[in-house]
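Listed below, chain by chain, are the residues.
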Amino acid sequence: MEKDAKIYIAGIYGMVGSAVARVLREEGFSNIVGHSSEELNLLRQDDVEKFYKDHRPDYVFLAAARVGGIYANDTYPADFIYNNLQIQNNVIHSSYVYRVKKLLFLGSSCIYPKYAKQPISEDSLLTGALEPTNEAYAIAKIAGLKMCEYYNKQYHTQFISAMPTNLYGIGDNYNAMNSHVLPALIRRFHEAKVSDSKEVVMWGTGAPLREFLFVDDLADACVFLMKHYVSNETVNVGSGQEVSIRELAEVVKKAVGYKGEIVLDSSKPDGTPRKLLDSNKLHSLGWKAKTGLEEGIGIAYADFLNGNVRK
């Protein structure tokens with residue numbers, strides 16, 4: 001990427017988009033554009049086309065999406081598939097029409113089958129059934145990466161796809177009803193600490209294994225890929241560090257300084273039993289995550305306390 005290139009970040013005010021903007025500015029890129037959903041409705045094709053016509057971006061990071069945890073995905077599947085398909089279709093197609101040099105589409109590790117062989121390699125895609133609780137979101141994301149692939153094939157574009165593992169960090173969503181597991185735990189332990197509650201109740205058995213990636217590490221990987229990667233094959237982006245949900249809760253509990261007990265509600269769903277990405281392809285290109293889980297959770301909790309969050 002040229003330092004004076006115009007870079008559009010779709011979703012610039014979200015956790016991932018704002019992290020990409022931070023990394024770009026740290027590297028000397030200043031011609032960055034992006035709007036809030038109130039300023040630019042990515043669900044509306046005419047609005048997106050007008051934006052592209054007016055701004056003519058050279059590079060695009062597609063980080064805008066409707067996201068949420070198990071409860072939100074399972075409760076609002078129609079919203080998740082409609083919103084994400086609309087956003088992707090409009091941004092990817094306009095990027096083709098207005099001759100964007102390169103686009104990076106951000107997917108999710110939930111695109112892979114529920115019982116995929118672990119660690120999950122990129123070629124596991126479409127080899128089995130998805131996790132039912134987030135199937136709508138996963139199908140939308142699969143459609144997005146396939147759209148990039150097919151536009152490359154037919155129109156010779158340079159649209160690449162990155163599949164991050166579970167994310168957390170600065171500017172995360174701490175809403176009690178639709179946040180992901182790690183920010184949900186930060187909020188629960190903090191509120192329990194403030195209220196002097198004797199216990200924190202967690203969904204599930206605590207046994208599922210998960211991998212977590214600090215969002216600024218993902219942003220660094222996205223910029224790295226935009227500079228160095230050109231291929232139709234998607235790329236996994238993970239930390240390589242795997243913990244059980246129960247172990248994760250203990251790390252969050254320690255970071256928050258909560259002294260009570262953890263109670264597991266096994267009547268609630270666990271979700272996918274294990275999800276660890278095989279990120280060897282990205283590692284072989286020369287990129288690895290830098291932020292350890294304890295360090296990252298400490299930064300995230302400090303950010304939560306500073307109020308730089310979406311609640």
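Since the structure is predicted, the reported quantities are computational estimates derived from the model, not experimental observations. (Residues numbered from 1 in each chain as written. Predicted model: local features only at pLDDT ≥ 70, side-chain atom pairs only at ≥ 80, totals over all residues. Heavy atoms only, no water.)

S.K.: Can you lay out the UniProt feature "binding site: substrate" (unreviewed entry) in the protein for me, pointing to particular residues and giving the numbers?
M.R.: Mapped onto this numbering, the UniProt entry annotates "binding site: substrate" (unreviewed entry) at Arg188, Trp203, Arg210 and Asp270. One can find Arg188 in helix α6 (residues 181-195). When neighbours within four sequence positions are excluded, Arg188 is seen to be in contact with Val200, Val201, Met202 and Trp203. Turning to its location among the elements, Asp270 is positioned in the loop between β11 (261-265) and β12 (274-275). The class of Asp270 is partly exposed, set by a relative accessible area of 28%. Look past the residues within four positions of Asp270 in its chain and what remains in contact with it is Ile70, Gly204, Thr205, Gly206, Pro208 and Arg210. A polar contact is formed between the side chain of Asp270 and the backbone nitrogen of Thr205, at a distance of 2.8 Å. (UniProt positions renumbered as here; feature names shortened; annotations may be inferred. Helix = DSSP H or I, 4+ residues; strand = E, 2+ residues; numbered from the N terminus. Contact = heavy atoms within 4.5 Å. Buried < 20%, exposed > 50% of the residue type's maximum accessible area, 1.4 Å probe, protein only. Polar contact = N/O pair within 3.5 Å; in protein donor to acceptor, adjacent residues only side chain to side chain.)

S.K.: Kindly report on the environment of Val263, identifying the contributing residues and their values.
M.R.: Position of Val263 relative to the elements: it lies in strand β11. Using a relative accessible area of 30% as the deciding quantity, one classes Val263 as partly exposed. Setting aside its immediate chain neighbours within four residues, Val263 contacts Glu199, Val200, Val201 and Met202.

S.K.: Requested: an account of unusual backbone geometry, with residues and values cited.
M.R.: Here the bond from Gln118 into Pro119 is cis, since omega is -15°, no more than 30 degrees from zero. Within the secondary structure, Pro119 is located in the loop between β4 (102-106) and α5 (135-155). Phi angles above zero are rare outside glycine, and Arg99 is one such case at about 55°. Relative to the elements of secondary structure, Arg99 occurs in the loop between α4 (77-97) and β4. With a phi angle near 65°, Leu126 is a residue other than glycine that sits in the positive phi range. By the secondary structure assignment, Leu126 is in the loop between β4 and α5.

S.K.: Before we move on, can you summarise the pattern of salt bridges with the specific residues and values?
M.R.: In the structure shown here, the tally under the stated rule is twelve salt bridges. Of the charged contacts in the structure, one is a salt bridge between Glu233 and Lys281, with a shortest N-O distance of 3.2 Å. Pair noted here: Glu233 is in the loop between α7 (215-228) and β9 (235-237) and Lys281 is in helix α9 (residues 280-285), with a separation of 48 residues, a long-range link. Overall, the relative accessible area of 48% leaves Glu233 in the partly exposed class. Judged by its relative accessible area of 21%, Lys281 is partly exposed. (Salt bridge = Lys/Arg side-chain N within 4 Å of Asp/Glu carboxyl O.)

S.K.: Requested: an account of the packing of helix α2 (residues 45-55) against α4, with residues and values cited.
M.R.: When two helices pack together, their arrangement is captured by the angle between the axes and the distance separating the axes. Contact geometry of α2 with α4 gives a least axis separation of 9 Å together with a crossing angle of 35°. Every pair of crossing elements has a handedness; the one defined by α2 and α4 is right-handed. On α4, the residues touching Gln45, Val48, Glu49 and Tyr52 of α2 are Asn90, Val91, Ser94 and Ser95. Across the contact of α2 with α4, the residue classes break down as three nonpolar, four polar and one charged. (Axes fitted to C-alpha atoms, helices over the stretch in contact; angles between N-to-C directions. Left-handed = near helix turned anticlockwise from the far one by under 90°. Nonpolar A, V, L, I, M, F, W, Y, C, P; charged D, E, K, R; others polar.)

S.K.: Outline helix α8 (residues 245-256), supporting the account with residue identities and numerical values.
M.R.: Across its twelve residues, α8 extends 16 Å between first and last C-alpha, which sits within 8% of the 16 Å expected from 1.5 Å per residue. Of all the positions in α8, only Ile245, Leu248, Ala249, Val251, Val252, Lys253 and Val256 are classed as buried. On its buried face, α8 is in contact with α6, β7 (199-203), β8 (209-214), β10 (242-244), β11 and α10 (293-305). At the exit of α8 stands Gly257, carrying a positive phi of roughly 85°. (Expected span 1.5 Å × (residues − 1).)

S.K.: Before we move on, could you go through the pairing of β8 and cite the residues and values that matter?
M.R.: With five of six residues buried, β8 lies mostly within the body of the structure. Summarising the sheet, strand β6 (residues 166-168) and β8 pair through three bridges and their orientation is parallel. Considered in β8, the bridge of Asn166 is made with Phe212. Across three bridges, the pairing between β8 and β10 is antiparallel. Paired with Arg210 across the two strands is Val243, which belongs to β10. Examined bridge by bridge, β8 and β12 share two bridges and lie parallel to one another. Along β12, the bridge assignment pairs Leu209 with Arg274. (Pairing = 2+ DSSP bridges.)

S.K.: A description of α7 should follow, citing residues and the corresponding values.
M.R.: Given a rise of 1.5 Å per residue, 14 residues ought to cover 20 Å, and the 20 Å separating the end C-alpha atoms of α7 matches this to within 8%. Where burial is concerned, most of α7 is hidden: twelve out of the 14 residues are buried. Within α7, burial applies to Val215, Asp216, Asp217, Leu218, Ala219, Asp220, Ala221, Cys222, Val223, Phe224, Leu225 and Met226.

S.K.: Got a sec to walk through the nonpolar core? Specific residues and values, please.
M.R.: Residues Tyr8, Leu42, Tyr52, Leu62, Ile92, Leu103 and Phe105 are the most contacted members of the largest nonpolar core, which totals 38 residues. Examining the composition of this core, we find that eight residues originate from one element, α5, more than from any other. Beyond its immediate stretch of four places on either side in the chain, Leu103 contacts Val60, Val91, Ile92, Ser95, Cys148, Gln158, Phe159, Ile160 and Met226. Counting 36 residues, the second-largest nonpolar core is a separate cluster that includes Ala21, Tyr59, Ile160 and Leu167. (Core = buried A, V, L, I, M, F, W, Y, C linked by side-chain atoms within 4.5 Å.)

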